Number of protein chains: 4
Amino acid sequence: MIPRYSRPAMTAIWSPETKFRIWFEIEAHAADAMAELGVIPKEAAKTIWAKGKDAKFDVERIDAIEAEVKHDVIAFLTHVSEIVGPEARYMHSGMTSSDVLDTCLNVQLVRAADILLADIDALLAALKRRAFEHKLTPTVGRSHGIHAEPTTFGLKLAQAYAEFARNRERLVAARKEVATCAISGAVGTFAQVDPRVEEHVAKAMGLAVEPVSTQVIPRDRHAMYFATLGVIASSIERLAIEIRHLQRTEVLEAEEFFSEKQKGSSAMPHKRNPVLTENVTGLARMVRSYALPAMENVALWHERDISHSSVERMIGPDATVTLDFALARLAGVIDKLIVYPANMQKNMDRLGGLIHSQRVLIALTKAGVSREDAYRLVQRNAMKVWSGEEKDFLALLKKDPDVKAKMSDKELEANFDLDHHYKNVDTIFKRVFGAS
Amino acid sequence: MIPRYSRPAMTAIWSPETKFRIWFEIEAHAADAMAELGVIPKEAAKTIWAKGKDAKFDVERIDAIEAEVKHDVIAFLTHVSEIVGPEARYMHSGMTSSDVLDTCLNVQLVRAADILLADIDALLAALKRRAFEHKLTPTVGRSHGIHAEPTTFGLKLAQAYAEFARNRERLVAARKEVATCAISGAVGTFAQVDPRVEEHVAKAMGLAVEPVSTQVIPRDRHAMYFATLGVIASSIERLAIEIRHLQRTEVLEAEEFFSEKQKGSSAMPHKRNPVLTENVTGLARMVRSYALPAMENVALWHERDISHSSVERMIGPDATVTLDFALARLAGVIDKLIVYPANMQKNMDRLGGLIHSQRVLIALTKAGVSREDAYRLVQRNAMKVWSGEEKDFLALLKKDPDVKAKMSDKELEANFDLDHHYKNVDTIFKRVFGAS
Amino acid sequence: MIPRYSRPAMTAIWSPETKFRIWFEIEAHAADAMAELGVIPKEAAKTIWAKGKDAKFDVERIDAIEAEVKHDVIAFLTHVSEIVGPEARYMHSGMTSSDVLDTCLNVQLVRAADILLADIDALLAALKRRAFEHKLTPTVGRSHGIHAEPTTFGLKLAQAYAEFARNRERLVAARKEVATCAISGAVGTFAQVDPRVEEHVAKAMGLAVEPVSTQVIPRDRHAMYFATLGVIASSIERLAIEIRHLQRTEVLEAEEFFSEKQKGSSAMPHKRNPVLTENVTGLARMVRSYALPAMENVALWHERDISHSSVERMIGPDATVTLDFALARLAGVIDKLIVYPANMQKNMDRLGGLIHSQRVLIALTKAGVSREDAYRLVQRNAMKVWSGEEKDFLALLKKDPDVKAKMSDKELEANFDLDHHYKNVDTIFKRVFGAS
Amino acid sequence: MIPRYSRPAMTAIWSPETKFRIWFEIEAHAADAMAELGVIPKEAAKTIWAKGKDAKFDVERIDAIEAEVKHDVIAFLTHVSEIVGPEARYMHSGMTSSDVLDTCLNVQLVRAADILLADIDALLAALKRRAFEHKLTPTVGRSHGIHAEPTTFGLKLAQAYAEFARNRERLVAARKEVATCAISGAVGTFAQVDPRVEEHVAKAMGLAVEPVSTQVIPRDRHAMYFATLGVIASSIERLAIEIRHLQRTEVLEAEEFFSEKQKGSSAMPHKRNPVLTENVTGLARMVRSYALPAMENVALWHERDISHSSVERMIGPDATVTLDFALARLAGVIDKLIVYPANMQKNMDRLGGLIHSQRVLIALTKAGVSREDAYRLVQRNAMKVWSGEEKDFLALLKKDPDVKAKMSDKELEANFDLDHHYKNVDTIFKRVFGAS
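Residues numbered from 1 in each chain as written. Chains lettered and ligands numbered in written order. Predicted model: local features only at pLDDT ≥ 70, side-chain atom pairs only at ≥ 80, totals over all residues.

### What about the interface of chain C and chain D?
Heads up, the rule is: Note on contacts: each residue gets a C-beta atom placed from the backbone, and two residues are in contact if those atoms are within 7 Å. To qualify as a helix, a DSSP run of H or I must reach at least 4 residues; to qualify as a strand, a run of E must reach at least 2; elements of each kind are numbered from the N terminus. Note on residue categories: nonpolar means Ala, Val, Leu, Ile, Met, Phe, Trp, Tyr, Cys or Pro, charged means Asp, Glu, Lys or Arg, and polar means any other residue, Gly included.
Tallying the contact residues gives 69 residues for chain C and 70 residues for chain D. When contributions to the side of chain C that touches chain D are tallied by element, the ones reaching two or more residues are strand E1 (138-143), strand E2 (146-152), helix H7 (153-178), helix H9 (220-247), helix H11 (291-296), helix H14 (357-366), helix H19 (419-422) and helix H20 (425-433) of chain C. Tallying contributions element by element places H9(C) first for the side of chain C that touches chain D, with 13 residues. For the side of chain C that touches chain D, the per-class residue count stands at 27 nonpolar, 25 polar and 17 charged.

Structure representation (structure tokens):
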């Protein structure tokens, strides 16, 4: 998480101020439940809320206490008692630090997921708008980087839309994974705290109850969360690489928006580089890498050790802030992407009609040629065009006696129109975007 | 995937024989749909099934053809035409290799998921049985490897049960992710093949239709699948490490079953080592590592490149076979685990009652001592027992004048019973296993 | 490790036969040293060699014994005693299984490194030959996929040569890391075995003595080895991606060799795809991923646990066999690469001279224009050519009154020759390949 | 990189101030060389140094310019021209941004390596001191977590010393890998900049010349650097886990220093947890994970793309700052580690002499019993002690008639002394620490 790749709303979730506020809410809600159960005086709970609700917790003061006691939650509670007064001693009764820390982390991850969901929604909206705009913009489909058959630019974007729609679903599931609360005490037995306290806090914080915790909320939940972010990052990389390819000098079918005062290169004034998508390609590598320590965090010793904590202090903010930034940047790229349909057409025409070779192959088969013979017939003409020896695949076929023997010129020509390739675009769009 | 860590049912899914059989089914079902649509003769589809249904495809022959044409699907189709005869030319019409390859891979991954689900079910059953068996077997809960407070061995197993129940849900979701079929042609436009062919094949193979494919089924699906296996592997590691800890010489609360003729060490005849759980710890590292190349596979170029293929040829079998083996081995370990309740009790007694320190702390707070003072009171007595200077925490407290001033001996003693810690075990078991 | 991506010499290193042969040699050399020290009878050592030297160890028999005793080294020793007779009881005296297993693994890794070094040498030879062949073949240098300035195809290959020369050095270092031998007994104290036995075996097996082992040879050595393979794999990916880019339809500056009977696509007969480099791109992902479990293997518990073993049984063969295959395949691609200098020239000419923009910028600066003004002057002309509005950058500059005011036509033209860019090619080649 | 896990010297390397200062030095040294070559006026170079040498570059001002031009080096040069005046236009002549950025990054990584080397030295010093202190402190060696045979605590530390000594060598090599400088222009051809400029800057900055760069310094160098940090982190994890094991309640052979006011648990006042080593265990996971994006950075497109940049902006500081912190923390732990020799002895005595089983096995073999029979004899007595049925292994052996038949009581007793195990400690210490 570095300022250059951070956006304020996400960063705020991970600030000490937010953290201490959430800690307070967890403790205060717990106090409410304990008061209700008669474990602590009702007045105490009231006072805690009254004095703490709008208090500003002093981060530096808490840090100073922690430097001495070497325990963050104790430092916080000590500071709260400075604000709340003697009733503060009723806070945290029967609870353990992890009850506060883990529930807080999950609140933060849930809030982060909500921002990420909004990011994906914005990206989906941009993809959808541009997909419909270019629903029938002809462009060549490529496999292995080699021209294959015609497709449309809208279909490319529809695929990206479908992919991020899946990512949205995954993120909703991942959010649910971590939306749990544990107030179960030192080793999760509720020995010193009633399970109803947990139920109350969970509800108040918008979480579900963790069915069984040890001292901690089990980290397989978080592993799944960060692994999901890694998959989303991989989809970002895919779309970014598509655009980087399209912007290559030799291809130039699309281009990132280039603001007027922007300078592409300190040395070469002519350059307009796909720097945004290259940037998110790198960010995707980072988000993906965070999945690993998250998975290694699962195997804590016995009822818990604290090795996960340093990891989460880093990847909690790093993964969510970076992914938020990358998603937002990518949505902007798609939204303002400059598309060059003329170049798409020009590129598609480069191979002298070879992109229709399969249709000819099929037509020959239908005309009674064996598949193997048809393949050889087509390939021997195709290779002449491919090598540059000849320019026009159709003209060549018309001259091939073995082809001629099976198909008339008109029959051959019928295999070279584009509309044939686009007859199912509607079907695909309906599958992806629904009937509209 | 090595024989030592493989089980036959899972290995069979990845054999060439199974693969070619699935390829044939995809092609033959596609032929059915094309015949129905009038694209190819109905007789052709019938002949394909008639001749191919029980045919044994000759793997060596296919390999020999591939060595020449350097294309696996063409090699297969050539071999099928040797079996089916001239009608074979109607197969694969308008389809592309990836239609067959990707749909087949997904069939294999779905079948692998089914075996893994059964593995998890077996592990869950073992965990449940042993959890109820030891529902109230007292054992010490440990945080940071240090004694914390009492728990039960059944609760430890209940937590593992809940974790693998979550893994089961994740795997069901991951299975659904990859249960798709694409028969959409060279760049996914259905230019040469009717979408209804895809619908028919999908249904016949137990899959859903891929809403929009390019040439390939998008690899974010597979990334999610393998990431999920990585999370499951991490949970395996957690449970394995728990058992490894419990079997340590100094702890010895549980032990892997040790068969009669087994030798623990070539050099030290007295050794009984937790080799099975150590083994699955290593296997977990492997399964986890496969998530990464799976994520890197997402960003294929344009409508596809083939870089994912070599990865999947390796991790497809490696990840599923290894996870299958590890899950089965772990289920066996749990099923036959030797549990030593007496050692659990002995260990729990080691700290002279310190594990009850929190209860004393709370009791003092309730007796009117401030939290900070109570903490100091408890700690100054606890440290003497901790250091070995004194043996009996309760006796010591009874002698402390500041404690005495607030609590009678009887009040103190009430904080040292175990039942207090187990009063909510039922509640937790109900949450995890449901009412029964 | 799958047959498709395996070569026999590397695979043989990892066969059970090779393993048992190495085990025997370690045990027999150890017996020699013990006999020399008077620990065991000299006759015993002689008999062990005499009977075992040319014996064929029966892998199935050993597996059968292991199935019973569940210990691989004990199973092996039992089988050896069937061959050697009663003197076999003197083998392994005071040794522990890991002495044999770890030393054997290191022998295998050293041999694997030797093959990989030969692979790199072959790749370096191909790169050097082609680099000199195309030392002055003009091609455009690209940053961000956008034309930047002229370079030569030979320089591209020289960079790859330098990169793999570094990889060679790294591999030599990695080989040295694992070239150690430990015969130090149960916990590495030489309690039951004289350190001179270790020295003898090390020397006989071409290894160095491990200065301090526990029960095992420390795994940081192996982590470094596999991490190094991961870096080499990343360089493979870089070169593979370069070729994949060059073979794109729109670029087509180079192409993988395409054999006569090869079929590029089952559906599109015209396709010639860069399948070999795409393939090694995927293989590189795999080799890279193995670095992770190798690093996780370092932190074994106390004097050792066995969790590393299952990992190494997999990544030992998988990483070395796959990297061997990828290196050999890549060397073949480079060796037979079809290069299209005419296309390189054509591509370089696409931007109407924009690739010379920096030289014009510098010339303007030298003519007294401030850097900022010069940048603006160049950019305003460049953008017209970039957008396609104009075709000839030089002609445009000649017409720009502000440029005219500072430079004559002839002065401008001087900035558009290629030789200027190649004047230091010799210097670079000397740096990379040495004086010749 | 978060403040909690950062130390100021390392953090300073990555501050914007340091970065801009290095950028200036690179540009000013380059200006010197250009002046010497007559490319720019000598006065210009002088002025640049004179005005820039002690200037404080205004980070906010540079950021503001970058926000407009969207190019960091151009923003910097613009700001420098505000300080230096018109002569600034001679800076950066013929250079490209990457010349500055990459050389700067390498300077930073070299400086970071120097700090890390000092960290390792401190750790080595602590390990050596404690190793000699406990050279002959008896403790049990454990394999699989199970008691094996006696070793000494000093030997454990000597192994850690040897491991970190290896890590030191690796880091020296990794430092050398990245200690290169490139001033080679837009695509590395030196078209606009003389190679002697590069030579001059390299020397001035303490670097070697990069033999062949494209636009960038090749990233295999950085991949190797970060992979090496990952291996070092793995060794940190190993030593940390050793200490965590030793501090477990049931083992308690060593303990992290616990300061007087420190609180182990908010809920349980008796706790003293190994939180420092748990913390570095987590940090090790992070440092290890950064190796992956570093490896993915190698395969930049053509002469470069910018995807590596966002990665390096994050892992440059994150990996070095985190590793610095972890190494320093670990050195402190070792330095102040509380060692409990009495507990070590007590633990060693737990198994009633079973840890001597191997010596008895060997003695029986020497007395003429076959290895298989000796193993069975030892195991049948060992298992009774292991199970707790019997307490004293030696006494049991003395009563076994089959043992009795081969060995006298005195002969048996000779196998139960500790000194036997320590006779080679000197040899090992000499290997590790050298003669002293």
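Anyway, onward from the coordinates.
### As for the relation of the copies chain C and chain A
What counts is decided by this rule: In superposing the copies, a least-squares fit is computed on C-alpha atoms, taking residues whose pLDDT is at least 70 in both.
You can overlay chain C on chain A at an RMSD of 0.0 Å; the transform is a turn of 180° with a shift of 0.0 Å along its axis. The transformation relating the two chain copies, once decomposed into turn and shift, fits a two-fold axis. For chain C, the minimum C-alpha distance to the rotation axis belongs to C:Glu250 and amounts to 2.9 Å. When the interface residues of chain C are mapped onto chain A, 100% of them are again interface residues, pointing to one common binding face.

### Considerations on the relation of the copies chain C and chain D
Mapping chain C onto chain D is achieved by rotating through 180° and translating by 0.0 Å along the same axis, at an RMSD of 0.0 Å. When the interface residues of chain C are mapped onto chain D, 100% of them again fall at the interface, so both copies present the same face.

### Details of helix H7 (residues 153-178) of chain A
Three- or four-residue spacings in an α-helix give side chains the same orientation, since the helix completes a turn every 3.6 residues. Keep this limit in mind: Expected span of a helix, by definition, is 1.5 Å for each gap between consecutive residues, and there is one gap fewer than residues. Burial is judged by counting other C-beta atoms within 10 Å of a residue's own C-beta: 20 or more means buried, 12 or fewer means exposed, and anything between counts as partly exposed, with every C-beta placed from the backbone.
For H7(A), which comprises 26 residues, the first-to-last C-alpha distance of 38 Å matches the rise-based estimate of 38 Å (1.5 Å per residue) to within 8%. Where burial is concerned, most of H7(A) is hidden: 19 out of the 26 residues are buried.

### Observations concerning the domain arrangement of chain A
Residue and element names in this part refer to chain A. In plain terms, the rule: Note that the domain bounds were set by an automatic or database domain assignment.
For chain A, the assigned domains read domain 1 (3-345) and domain 2 (352-430). If you average the C-alpha positions of domain 1 and of domain 2, the two centres end up 51 Å apart. Across the contact, 11 residues belong to domain 1 and nine residues belong to domain 2. Counting residues per element, the ones that place at least two in the side of domain 1 that touches domain 2 are strand E1 (138-143), strand E2 (146-152) and H7. Considering every element that reaches the side of domain 1 that touches domain 2, the biggest residue donor is E2, with five residues. In terms of residue class, the side of domain 1 that touches domain 2 is built from seven nonpolar, two polar and two charged.

### Quick word on the interface of chain C and chain A
Contacts between the two partners involve 35 residues from chain C and, on the opposite side, 35 residues from chain A. Along the lines of polarity and charge, the residues of the side of chain C that touches chain A split into 16 nonpolar, 11 polar and eight charged.

### Concerning the environment of A:Gly230
In this fold, A:Gly230 is placed in helix H9 (residues 220-247). For the pair formed by A:Gly230 and A:Arg288, sequence separation is 58 residues and the distance between their alpha carbons is 4.0 Å.

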